[in-house]
Amino acid sequence: MIAHVIPLEDLERDALTELVNIGMSRAASSLRKMVGEQVLLSVPALEVVTRGGAATLIRERESGQVVAVRQDFEGIFSGRALLIFPEANSLALVRAVTGGAISAEDAAELEDEALAETGNVVLNSCLATMANMLQQSLTMSLPEVIRSDGSSLFDLVENGVEEGVVLFLYINFAINDRNIRGYIAMLMDLPSLEALRLLIADFIRRVVGDET
Amino acid sequence: MTETSRALSPATGHAGTALMAMAGPWLEAMDQSGVAIAVTDPGLADEPIVYVNGAFEALTGFAAAQALGRPSNFLQTAATDPDAVLAIGAALAQGGSARADILNQRRDGETFWNRMSVVTIRDTKGLPAFRLTTLTDVSHEYAGDVTAQELRISRRDLIEARERLRVVQAVAGAAGGWEWDIASNRFFADARFASIYGLDVLAAAAGLPATAFFEPIHAEDRMRVRIAVGGALHGAEVFARDYRIVTEGEVRWVSARGRTFLDAQDRPVKFAGVLADITGQKKIEERLHIAQTAGGVGSFEYLSGYGTAEVSEQFCRLLGFRPAQSLPVRTINSVVHPDDPAIIQNRDGAIGSGQAFHECRITRADTGEARWLASRGEYRRELSGGMTFTGVIYDITQTKNSEAKLRQLTERLEERVEARTQERDRIWNLSRDLLNVIGPDGTQRTVNPAWTALLGHSEAELVGMPMASLVHAEDLPLLRLRLAALLRGETVPDFDIRLRAKDGGYHWVSWKAVPEGEAIYGIGRDVTQRKLLEDQLRQSQKMEAVGQLTGGLAHDFNNMLTGILGGMDMVRRRVSQGRLDDVDRFLDAAMQSGQRAAALTHRLLAFSRRQTLDNRPLDITALVGSIADLLRRTLGEQVELVVDMDPELWSAVADDNQLESALLNLAINARDAMPEGGRLTISGRNAKLSASDLAHSDRAEAGDYVEIGVADTGLGMAPEVLAKAFDPFYTTKPLGQGTGLGLSMIYGFVQQSRGNVLIESQEGQGTTIRLFLPRHAGALTDAAKPASIDASLGQGEVVLVIEDDPAVRLLVLQVLEELGYQAIETADGREAIPILQSQQQIDLLVSDVGLPGLNGRQLAELARETRPTLPVLFMTGYAKEAIDQARFLTAGMEIITKPFAVDELGHRINMILRQNK
């Protein structure tokens, strides 16, 4: 399942993880502001897997349906960012971001819209931060809400080949006092490894160089 | 978290608040200063301490809380120079500041030289509001005196204490804290952090450049940590790294967990965290990991009420999941077979307690393979409420499979054993053969129902009964012989015995028995019917043989009788006609026929082994030598006779006349087998025969024998001829030329002599017949033959004749009369006894053996009672008792076989009477 075909050095992986970590922290911060509650993050995990493997990874952790807001991005590297949570948490999240100002019926009506907006804010801040860190620009698609058992979250990537190997990064989050939990996940194709390498080296230089 | 803020104690009251108001931002600088600082309030009595910084705590050993509120001079001791104290007071009163070196005491009692510097801070009105004192340890400048000495010892103690602290921290996993000020890019760390990192406590508290954070890190880990810290400083919220640090050449594992704090604009401002020494933990983890991986043991920990469980890598692998640190309980349990208990139970708070163990089947999430797992765990109550379920799982598929196979095998075996037992029982119960088991004591342990069916005895009667008690008396010796052999563990041939039925009748049962362990297992088949049929068959065969024999004999005898009767008739006619000239011719013919009849009966007796044999020790070499001439004449010129006798040849026991006759017969046969001539070899040698060599002999026993071989170079015999060679009346000669009794007679003679005959022949290769006669044990007594005595007339001696056949009696009387004896004739014992018991003179008793009533031998006995020396001559045609003369006769008794010539009888009587004179 795990194919070590990506010739990334440990340090490069570390750096890439750290880059996503920074972006996702920013996303969590956005979410925090939206729900007005502490958002707890796990240690980010990075894995080199196939698309199918990424889906399995989520499916294994969630035995039920999940809701995901997804946003595809393109630039020096392309991929997909997702905000994923169990479907059971969906309405609670909507209520949390709307501050409980709307009724349950309204929340149900607005659910997809609210989710899309939430995802947009959260994922945008993440991707924007990353782009900023790399001093590159990324083009982002509009957010889209998907309901799935997890298997279809990753297979719709354009020119997506099931067997293709991708970088899969994810962070678990939980919203304090709300019993809401989920993942911020990112799937990256690596169209130009050399370009990415250069970017990472540059990034390392920047974050580490500060202290030297 | 660092403890840079020496929070002002409530004990300091308004002074604290005032100080805050006045010093404001300076306080923080003082907090982080590496120089020990204390602030006192001169407005109060004893000028109490209102503030101390971390460096003060480190220097004096007093925590802020302990120092606050104490008088400014509380560090002084009895040994402090009072003059120096007074000088300081004077200086302060005068100029508001003072400098002095005074001896002070730490909390632990150790003294040190304190170079103190005091300044007075005045409020807006110019009145002293606070006094700021800095303290510096300058003990080293006073080295040489007592204090310096003490100082060195204290330093050493301090190092030891630090080491102890470090150990305690390491053991307790106590965490040290750091806080990174992102704007200034410096970090501050507490004493525990400094201790783990090997940093100067004061310097760490005062703040260090970022490089100090990375410097002690193991070179291999340094870059990784730098990247992670870099991320954190750029806004990555979560920081978590385990890495190695090298202090004083020693490598230690630490675990750093941190978090970045952002300001309102999401700009990172602070990066704070805790550091723990996990060297020991790492080692244990490593060992645990190896143990778990090697043992295929996956571990998990689950806190009741939560949706996920902490799991190990191996745990995921066992279930076919991707490695993860936690998995939802639902996911874990989803692979378990619906009929089996879940791996993690009690999700709904219905929690168990104590030890838990169960086995379950799973379907691996990745391959879909079915496996067996065992789960072993323990429930523990948590201090914070709820229960934890901690446990391990491991694969037991192989064990389960083996178990299943074993069970299957066992079941099958049981089935088979059951089936076999049933089969055996069926056989045991249904068999018509008698089955039994006999114990070593000879009693029957168990018998099958066939016994009751055949013999009528109940099972209860049969079990415990010795088998012998049912066996016919005549068969008991055979049974005992067989049982004894079986009990010795030997195998025995089948044997037939008669068993008594309840109704008193007997059944013939043929037994096959084997010894097994200490018991004997027997199978007996009722052969009564067979025995009956066999008897009938034997009887009918016998009758057939007798018929054949009598037919043949009748034919021969009729021929001979025709010769005799015809001859006698012709003689009578000639005599009545007075034509006596050719009477002799007819008499000769009658005599010849009579002699042939005598020879025939003789041969018959020989064949039936009932001839009267005069067995005596024989020198075979001499015997062969004596008949060599006769043989040569018989064989003719075309056949060469070779005699080849072992010079050391033993003597044998046999009847010489019979042996001569046998050799002559064999020679004639040989001659007839060599029409073109050839060679006849008569050989003699010694032979030792074993029981197996004599398997076909009736009476011979293993031992020494004299072998006489008669070999020709003639035509030989075809196998089918050879097979019948000894059969009576079997002959290869043309009808009328042979009686077919030759070889059978020899056979009978040798068998009767307790010897053996072997015949070897191949067509065209000649025939060899070997006679084995028992060796004579002992010296050869040369029984001198009585000298021939001419027949001469008697002198009136009295002879008592007992003969029931009147014709024979007539002949005997006539002979006695002609010889000059007086004869008293009687027909049987009844007539003879009174005469024998009377005073009548009797010189010889001539008696037939076979008589009605008392036989001849008994009569002789009787006669000998009153006349012990009375000679007796027996006449016999055939008498069972007289077959072996040596046994039949005692001293003074002789025997003459019928038919005998008149001359011969006269000659024998003469001899006996003469001898007795």
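None of these values were measured; they are calculated from a predicted model.

Colleague: How would you summarise the overall build of chain B if you had to cite specific residues and measurements?
Modeller: Counting its regular elements, chain B contains 28 helices and 34 strands. Taken across its 917 residues, chain B has 30% of its residues classed as buried. Taking the intrachain contacts of chain B between residues at least 6 apart in sequence as the baseline, contacts between residues at least 24 apart amount to 54%.

Colleague: Could you give me a rundown of the overall build of chain A, with the residues and numbers involved?
Modeller: Regarding its fold elements, chain A presents five helices and eight strands. The N-to-C order of helical and strand elements in chain A reads α-β-β-α-β-β-α-α-β-β-β-β-α. Within chain A, contacts between residues separated by at least 24 positions form 73% of all contacts whose residues are at least 6 apart in sequence.

Colleague: Describe the nonpolar core, and please don't skip the residues or the numbers.
Modeller: As a rule of thumb, soluble globular proteins bury nonpolar side chains together. With 121 residues, the main nonpolar core has Ile84(A), Cys126(A), Phe168(A), Ile184(A), Ala185(A), Phe203(A) and Phe56(B) as its most contacted residues. When neighbours within four sequence positions are excluded, Phe168(A) is seen to be in contact with Glu47(A), Val49(A), Ala54(A), Leu57(A) and Leu187(A). In this structure, Val639(B), Val706(B), Ile769(B) and Leu773(B) belong to the second largest nonpolar core, which totals 35 residues.

Colleague: Which residues make up the sheet that holds strand β17 (residues 387-395) of chain B, and what are the values?
Modeller: Residue and element names in this part refer to chain B. Across the sheet, which stays open at both edges, the six strands sit in the order β14-β13-β12-β17-β16-β15 with antiparallel pairing between neighbours. Only two strands of the sheet have a single neighbouring strand rather than two, namely β14 (326-328) and β15 (354-363). Pairs of neighbouring strands in the sheet enclose a mean axial angle of 25°, with direction left out of account. Pairing between strand β12 (residues 297-303) and strand β13 (residues 308-311): two bridges, direction antiparallel. Within the sheet, the bridge partner assigned to glutamate 301 lies in β13 and is glutamate 310.

Colleague: Give a description of the packing of helix α25 (residues 829-837) of chain B against helix α26 (residues 856-866) of chain B that names residues and reports values.
Modeller: Think of two packed helices as two axes; the pair is described by the angle between the axes and how far apart they sit. Residues and elements named next belong to chain B. Between α25 and α26, whose axes approach to 10 Å, the crossing angle comes to 10°. Judged by the angle between their axes, α25 and α26 are roughly parallel. Crossing of α25 against α26: the hand is right-handed. Taking contact as the criterion, the partners of Gly829, Ala832, Ile833, Leu836 and Gln837 in α25 are, on α26, Leu859, Leu862, Ala863 and Thr866. Its residues placed into classes, the contact of α25 with α26 shows six nonpolar, three polar and no charged.

Colleague: I'd love a proper account of helix α23 (residues 742-752) of chain B, names of residues and values included.
Modeller: At 3.6 residues per turn, the α-helix brings residues three or four places apart onto the same side. Residue and element names in this part refer to chain B. Counted residue by residue, α23 has 10 buried out of 11 residues, so it is predominantly covered. What α23 keeps buried is the set Gly742, Leu743, Ser744, Met745, Ile746, Tyr747, Gly748, Phe749, Val750 and Gln752. Once α23 finishes, arginine 754 follows within two positions and takes phi at roughly 65°, a positive value.

Colleague: I'd like to hear about the sheet that holds strand β29 (residues 766-774) of chain B, residue by residue, with values.
Modeller: Residue and element names in this part refer to chain B. Spatially, five strands are ordered β24-β26-β27-β29-β28 in an open sheet, and the strand pairing comes out mixed. Each having just a single partner strand, β24 (639-645) and β28 (756-762) make up the two edges of the open sheet. On average, adjacent strands in this sheet sit at an angle of 15° to one another, irrespective of strand direction. The sheet contact formed by strand β27 (residues 703-712) and β29 spans seven bridges and is antiparallel. Pairing of valine 706 across the sheet is with leucine 773, part of β29. Helix-sheet contacts for helix α20 (residues 620-635) involve β24, β26 (678-689) and β27, and the interaxial angle to β24 is about 175°.

Colleague: Describe the interface of chain B and chain A, listing the residues and the values that go with them.
Modeller: With 26 residues of chain B at the contact, the number on the chain A side is 26 residues. Of all the secondary-structure elements, those providing two or more residues to the side of chain B that touches chain A are α9 (210-214), α10 (219-233), β9 (238-247), β14 and α13 (329-334) of chain B. With seven residues, α10(B) is the largest single contributor of residues to the side of chain B that touches chain A. Of the residues contributing to the side of chain B that touches chain A, the split by class is 12 nonpolar, eight polar and six charged.

Colleague: Please set out the packing of α20(B) against helix α21 (residues 656-673) of chain B residue by residue, giving values where relevant.
Modeller: Residue and element names in this part refer to chain B. Where α20 meets α21, the axes come as close as 10 Å, and the angle between the chain directions of the two elements is 30°. Our pair here, α20 against α21, has a crossing hand that is right-handed. Residues Leu623, Ile627, Leu631, Thr634 and Leu635 of α20 touch α21, and the partners they reach there are Asp656, Leu659, Glu660, Leu663, Leu664, Ala667, Ile668 and Arg671. Its residues assigned to classes, the contact of α20 with α21 shows nine nonpolar, one polar and three charged.

Colleague: Break down the environment of Gly176(B) for me, citing the residues and quoting the values.
Modeller: All names here are of chain B. Structurally, glycine 176 is set in strand β6 (residues 175-181). Judged by local crowding, glycine 176 falls into the buried class, with 24 C-beta atoms found within 10 Å. Leaving out residues up to four positions away in the same chain, glycine 176 has contacts with Ala189, Asp190, Arg192, Phe193, Ser195, Ile196, Val274 and Leu275.

Colleague: A description of the environment of Arg572(B) should follow, citing residues and the corresponding values.
Modeller: All names here are of chain B. Considering the arrangement of structural elements, one finds arginine 572 in helix α18 (residues 528-577). Residue classification places arginine 572 among the exposed positions, given that 12 C-beta atoms sit within 10 Å. For the pair arginine 572 and valine 583, spaced 11 residues apart in sequence, the C-alpha to C-alpha distance is 8.7 Å.

Colleague: Describe in detail α20(B), supporting the description with residues and values.
Modeller: All names here are of chain B. Along α20, the helix axis deviates most sharply at alanine 628, where the bend reaches about 45°. On its buried side, α20 packs onto β23 (615-618), β24, β25 (652-655), α21, β26 and β27. Residue glycine 636 follows α20 closely and has a positive phi angle near 85°.

Colleague: Which residues make up the pairing of strand β3 (residues 97-105) of chain B, and what values do they have?
Modeller: All names here are of chain B. Summarising the sheet, β3 and strand β4 (residues 111-122) pair through nine bridges and their orientation is antiparallel. Bridging across to β4, glutamine 105 finds its partner in threonine 111. Turn length for the β3-β4 hairpin, with the two strands adjacent in sequence and antiparallel, is five residues, and the turn residue glycine 109 shows positive phi of about 95°.

Colleague: Outline unusual backbone geometry, supporting the account with residue identities and numerical values.
Modeller: All names here are of chain B. Across the junction of lysine 898 and proline 899, the peptide omega takes the value -5°, indicating a cis bond. Checked against the element boundaries, proline 899 lands in the loop between β34 (893-897) and α28 (902-916). Positive phi is not limited to glycine here, since glutamate 248 has a value of about 50°. Looking at where glutamate 248 falls in the secondary structure, it is placed in the loop between β9 and β10 (250-262). For arginine 754, which is not glycine, the phi dihedral falls at a positive 65°. Within the secondary structure, arginine 754 is located in the loop between α23 and β28.

Colleague: Quick one: what's the story with the confidence of the model for chain B, residue by residue and with numbers?
Modeller: As a general rule, the predicted coordinates of low-pLDDT regions are not to be interpreted in detail. Residue and element names in this part refer to chain B. Considering every residue of chain B, the mean pLDDT works out to 81; 87% of them sit at 70 or more. The weakest mean pLDDT in chain B belongs to helix α6 (residues 146-172) at 55; the strongest belongs to β27 at 92. Long-range and interchain partners of residues 1-12, a stretch whose pLDDT sits below 50, account for 34 contacts in this model, where long-range means more than four residues apart. Below pLDDT 50 for its whole length, residues 783-789 participates in five contacts with residues either more than four positions away or in separate chains.

What counts, and at which threshold
- Residues numbered from 1 in each chain as written.
- Chains lettered and ligands numbered in written order.
- Predicted model: local features only at pLDDT ≥ 70, side-chain atom pairs only at ≥ 80, totals over all residues.
- Helix = DSSP H or I, 4+ residues; strand = E, 2+ residues; numbered from the N terminus.
- Buried ≥ 20, exposed ≤ 12 C-beta atoms within 10 Å, placed from the backbone.
- Contact = placed C-beta atoms within 7 Å.
- Core = buried A, V, L, I, M, F, W, Y, C linked by C-beta atoms within 7 Å.
- Pairing = 2+ DSSP bridges.
- Axes fitted to C-alpha atoms, helices over the stretch in contact; angles between N-to-C directions.
- Parallel < 35°, antiparallel > 145°, perpendicular 65-115°, else oblique.
- Left-handed = near helix turned anticlockwise from the far one by under 90°.
- Nonpolar A, V, L, I, M, F, W, Y, C, P; charged D, E, K, R; others polar.
- Bend = angle between axes of the 7 residues up to and from the residue.
- pLDDT = per-residue confidence, 0-100.

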